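A structural walkthrough
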Amino acid sequence: MESLPVCKYGAACYRKNPEHWQQFSHPPSPSSDKTFADQSQEQAPAIIEGSASCEPNLVVVVLVGVPGSGKSRFCSSVIENASQTWTRICQDIIANGKRGTKAQCIKQATIALNSSSSVFIDRTNLNREQRLEFIEFAKKHGVEAHGVVLNLPVGTCITRAMNRTSHEGGLEGKKVGAVIQRMAHGVELPALEEGFSRITVCRTDGDADECIATYRSLSSSSKLPTGVFDRNSSSTTKGSLEQFLNKPGGGQKKAGQASSSAASTKKAVESAAPELKDGDGSMPQASEESCATLAFPSISTADFRFDHEKAANIIVETVSEFFSRAESSGLRLVLVDIDQGSDMLSRVRSRAESAGLDSRKFLVTHGDITKLHSTGGPRCSVIANAANWRLKGGGGGVNLAIYRAAGDDFEEATKKYAKTLDPGKVVAVPLPASSPLRTKEGVTHVIHVLGPNMNPQRPNCIADDYSQGCRLLRQCYAALFSTFASIAKGQVSKAKVTASPASNSSSPGGKPRDAFAVMMQASKRKNGNDDSPGSSKKGKAEVGKVTGEEGNPASGTGTLKAAVEEKAATKKPVNWPAWAQALHDVAFHPEKHSNVVLEVTDDCVVLPDLYAKAKKHLLVVSRKAGLDSIADVTKEHLPLLREMHAVGERWAKKLVEEDNSLVFRLGYHSVPSMRQVHLHVISQDFNSPGLKNKKHWNSFTTSFFRDSRDVIAELESRGKLEECTEEMEKRLLDSELRCHRCRCVQPNIPRLKAHVCSCSKPLLLKSLISSP
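Scope of this entry: the structure provided in the associated data block.

Conventions adopted
Residues numbered from 1 in each chain as written. Predicted model: local features only at pLDDT ≥ 70, side-chain atom pairs only at ≥ 80, totals over all residues. Heavy atoms only, no water. Pairing = 2+ DSSP bridges. Helix = DSSP H or I, 4+ residues; strand = E, 2+ residues; numbered from the N terminus. Contact = heavy atoms within 4.5 Å. Axes fitted to C-alpha atoms, helices over the stretch in contact; angles between N-to-C directions. Phe/Tyr/Trp six-rings, centres within 6.5 Å; stacked < 30°, edge-to-face > 60°. Buried < 20%, exposed > 50% of the residue type's maximum accessible area, 1.4 Å probe, protein only. Lys NZ or Arg CZ within 6 Å of the ring centre and 35° of its normal.

1. Some details on the sheet that holds strand E16 (residues 599–600)
One open sheet accounts for six strands, arranged E16-E17-E18-E20-E19-E21; its pairing is antiparallel. Single-partner strands in this sheet number two, and they are E16 and strand E21 (705–707). Where E16 lies against strand E17 (residues 604–608), two bridges are found, and the strand directions are antiparallel. Paired with Glu-599 across the two strands is Val-606, which belongs to E17. Relative to strand E19 (residues 664–669), helix H20 (residues 694–701) is tilted by about 105°, and along the sheet it contacts strand E18 (617–622), E19, strand E20 (678–683) and E21. Where helix H21 (residues 708–718) meets the sheet, its contacts fall on E19, E20 and E21, and the angle it forms with E21 comes to roughly 70°.

Structure (structure tokens):
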């Protein structure tokens, strides 16, 4: 007789169908290869048969995971081969194929339970608040709430999401990485105390497949054991999952371990963060009081697409150079990445070992850079931010996470030291006393760093010029580490000033002897009461910058003072980066740009917008010196603005003659991103791949975009234009996405674009140019 194929559940198989037992053999499973289904078999059967009652044992399963973690796959895999009826509730498609509300999800889940169907809640459900209503819903209907955490590496989720097409929620393509990183930073880990009766953690696709098999096997007359189940543990844990997510090895207590002692707590922390241990398995011994620590991310290797191999070599080389200098004494560096499977962490860790770097001084770990200490990692007094050139929160990844964690006042605190940042430069910002990052994590300073950009879709791209790129990246890390050392020395000298006057950071003449001391002195000046050159706002911005040229921080006061005085003398309103001066160059040297310029007059030049936000998008650029933005114009410039409007109107009418479906609007951005006053001539279809995000949309569809005729009228009546404050700018650009025709709200740019293409409401804007 031929041997029968082995049932995947072995002796623990739940099925009672005689035909199944005739078709498959059921040998005992090896104790060394426990699955989710038999993980707790020593304590209870994998599936507990129900009582004699005819009431079905239904369940509400709340899935937890970032986009790309496999939530929809999990649901469909269970449903297609399940032992009972399941209903998938997905908010992305619940409103007739469109995104709906949580209330609609609850309504459909109610219908499912009343029809004797268990329920999958297919949403990200990343925090307690998002999960609460579904847990309360389950309690209300007398059914168990289960949590399934799909805790796959963030990199894997990003790759999947970028490669998928026709996603229900429209979350796909190149931009999805930043969205997923932002979500990963905001995760609040689930716990049984929320009301779950069972939580399962899946770290790999294999874990997910085993969990799928478990829920396939769950019939309406059986139950699953309660507790927390993790593939890497040998027992269930009844507490929070905080030690599980994004930390290998879990943090579970072994059998016979004490449950309520300080030693137990310490072991849990050490188990949860094994990558923070020394080579011999012990935790780093340097005390936090004597060992100031800088946590920093890998610069330029994510959105700026710097080559990982070159970046890893530069990190290890600059770290080695830093620790070879006396200023590094008593300091520690920690390279951090949110993704446990990060390619950069792997490369740097390998090179650091080869270079013989002391792991007590240079740690390589994964985790949330804004929560290292509270999650069992080292206490970091300073953290580095991979900033954007405008020094504003947003975008995603580390930059967004740090701005959120630092609190509402952090952006304003940053602006006291610099408004913009050039590649290769850094600027250190003391955190406000009320900052949550300071009160909860002990972080005193954030050092903004702007690395070289190799991504042509981002500002200041240097393409494939790795000679310049490597030089700038080295400059970034050298400046970062030296600035950190200056901060650490400033903190130590302040603490020891009474015991050791010689350690004070001032020279005998009373002048600060390092760049950080100068920067801190400038930060204390108020409202111009100090007559020194650094007392102006621009002076603070300049003093706050530390160039780190050739790996050395700026030192002494002579160079800084000269820079401040030169800055005050030029009175430039904005420190425009190189890429933002492209229009200025075209305006005054149009002969060098004959390949793009459409028209040149004495007052202006006309050219197409390189990153058009609509089918037709032209720029009329002023040729008058001293007009960097619309905020600089006064009544004396009215003839110029009228001329620019006339030129723009003529071009709009010409384009309408070529395509009578086009409708144009002429106007200015309240706060432009490019230097030199320029008028936008833009068609109102907004059908362009260049329109990618909320800022793009709101900059043309809110009052941030000032109609050309309104600008002229306001100058005629008031002689000047109303200022757009930073608060107003942020409020307008962060507004919800609304159709500019019917004003309905849309959840994201793909949905908005699709809606705009089909919206038939008439445009109610004035001063439009269209066919008769």
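2. Quick word on the packing of aromatic side chains
With the rule as written, the count across this model stands at 15 aromatic pairs. Between Phe-296 and Tyr-477, the ring centres sit 6.0 Å apart and the planes meet at 70°, which makes this aromatic pair edge-to-face. Separated by 181 residues along the polypeptide, Phe-296 in strand E9 (residues 292–296) and Tyr-477 in helix H14 (residues 466–495) bring together distant segments of the chain. Taking the centre distance of 6.4 Å and the plane angle of 45° together, the rings of Phe-686 and Phe-700 count as tilted. Here Phe-700 lies in helix H20 and Phe-686 lies in the loop between E20 and H20, a separation of 14 residues in the sequence. Of the two residues, Phe-686 and Phe-700, neither departs from the other in class, the shared state being buried. Directly above the aromatic system of Phe-229 lies the positively charged group of Arg-198, at a separation of 4.0 Å from the ring centroid. Lying over the aromatic face of Tyr-466, Lys-310 brings its terminal NZ or CZ to 4.9 Å of the ring centre.

3. Side note on the environment of Phe-664
Topologically, Phe-664 is positioned in strand E19. Phe-664 gets classed as buried once you look at its relative accessible area, which sits at 0%. Along the backbone, Phe-664 and Leu-768 are 104 residues apart, and their C-alpha atoms lie at a distance of 5.7 Å. Leave out the neighbours within four places in its chain, and Phe-664 touches Lys-616, Ala-652, Leu-655, Val-656, Val-681, Ile-682, Ser-683, Ser-767, Leu-768 and Ile-769.

4. Some details on the sheet that holds strand E8 (residues 227–230)
Pairing in this open sheet of six strands is parallel, and the strands run E3-E4-E2-E5-E6-E8 from one edge to the other. If you trace the sheet from one side to the other, it starts and ends with strand E3 (86–90) and E8, each paired once. With direction set aside, neighbouring strand axes in the sheet form an average angle of 20°. Sheet contacts for helix H4 (residues 128–140): strand E2 (59–64), strand E4 (118–122) and strand E5 (144–150); angle to E2, the most-contacted strand, approximately 170°. Here helix H7 (residues 205–217) sits on the sheet in contact with E2, E3, E5 and strand E6 (198–202), set at roughly 145° to E6.

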